[in-house]
Amino acid sequence: VYYFSTTYMALDGFDPKVNGVDRLWNDLEMEDIWILSRLESMKRAYNEEMAAYNLHKMTRALEHFLLEELSRWYVKLVKDRVWIEGDSPRKLSAYAVLWECLTNVAKLLAPVCPHIAEEIYLNLDGEMPTVHMCDWPEVREGWINPELEEQMRIIQSIVEAVLNARQRAGMKLRWPVRRIIVQVDDEK
């Protein structure tokens, strides 16, 4: 995620001070709002586990966010947006969200992976001489959207079920599927 983001941000000359999430809030798409909500929910869980000295749970929350939500889901959803030519609001909002997520992750990683956190922070932000001098990221409760998080979890479970069914049927991912029928027990 870090290399993907920094490579395209550098190519396009993205400046988070000019095009931050707050400035581009009206241009954010649903997946952007969802990942920001997940970021804030993860920060809340991370802080609670840290306060309870449950370091293993704290790092698992961060790992799950990084691998499953940011890398394997969000980046896949926005990768086509970063290939748009010019300064499209869709592309800039994806960059702003990636920057927001990665700078927060760098600060949260600092206690457990100081060298990696330092590398990420200095290449993304670098306002302070070191990530260890930054204020601890506060949870923005207003960004948390439990309903949207639940809706995306349902979508993810459907996509996962379809991928599993394709694998069982021996269908490669590039083969088109004419129709998918989802049978559910719950109206949600």
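See the structure above.
Residues numbered from 1 in each chain as written. Predicted model: local features only at pLDDT ≥ 70, side-chain atom pairs only at ≥ 80, totals over all residues. Heavy atoms only, no water.

Turning to the overall build of the protein, a few remarks are in order. Check the secondary structure of the protein and you find six helices and zero strands. Residue burial in the protein is summarised as follows: out of 188 residues, 40% are buried. In the protein, once contacts between residues fewer than 6 apart in sequence are set aside, the share between residues at least 24 apart is 71%. With an accessible surface of roughly 11,700 Å², the protein has 52% of that area assigned to carbon and sulfur atoms. Between the averaged position of the 23 positive side-chain charges in the protein and that of its 31 negative side-chain charges there is a distance of 9 Å. (Helix = DSSP H or I, 4+ residues; strand = E, 2+ residues; numbered from the N terminus. Buried < 20%, exposed > 50% of the residue type's maximum accessible area, 1.4 Å probe, protein only. Contact = heavy atoms within 4.5 Å. Areas by Shrake-Rupley, 256 points an atom, 1.4 Å probe, with all protein chains shown as cover. Lys, Arg positive; Asp, Glu negative; His and termini not counted. Charge placed at Lys NZ, Arg CZ, Asp CG, Glu CD.)

On to the environment of alanine 117, then. Here alanine 117 is to be found in helix H5 (residues 114–124). Residues alanine 117 and valine 182, 65 residues apart in the sequence, show an inter-C-alpha distance of 42 Å. Once residues within four sequence positions are removed from consideration, alanine 117 is found in contact with Ala106, Leu109, Ala110 and Val131.

Attention shifts here to the packing of helix H1 (residues 2–12) against helix H4 (residues 89–109). As a packed pair, H1 and H4 sit with axes 10 Å apart at the nearest point and diverge in direction by 135°. Of the possible angle classes, the one that applies to H1 and H4 is oblique. For H1 against H4, the interelement crossing comes out left-handed. On H4, the residues that touch Tyr2, Phe4, Ser5, Tyr8, Met9 and Asp12 of H1 are Lys91, Tyr95, Leu98, Trp99 and Leu102. (Axes fitted to C-alpha atoms, helices over the stretch in contact; angles between N-to-C directions. Parallel < 35°, antiparallel > 145°, perpendicular 65-115°, else oblique. Left-handed = near helix turned anticlockwise from the far one by under 90°.)

When you line up the elements, glutamate 149 lands in helix H6 (residues 146–169). On the basis of relative accessibility, which here comes to 14%, the residue glutamate 149 falls in the buried class. A polar side-chain atom of glutamate 149 sits 2.8 Å from a polar atom in the side chain of arginine 38. (Polar contact = N/O pair within 3.5 Å; in protein donor to acceptor, adjacent residues only side chain to side chain.)

Together, Ile158, Val177, Ile180, Val182 and Val184 give the surface a local cluster of nonpolar side chains, amounting to about 390 Å² of exposed area. Mapped onto the secondary structure, valine 182 falls in the segment after H6. Accessibility expressed as a relative area gives 44% for valine 182, which makes it partly exposed. (Patch = residues over 30% accessible without salt bridge, like charges linked within 9 Å, V, L, I, M, F, W, Y side chains within 5 Å. Salt bridge = Lys/Arg side-chain N within 4 Å of Asp/Glu carboxyl O.)

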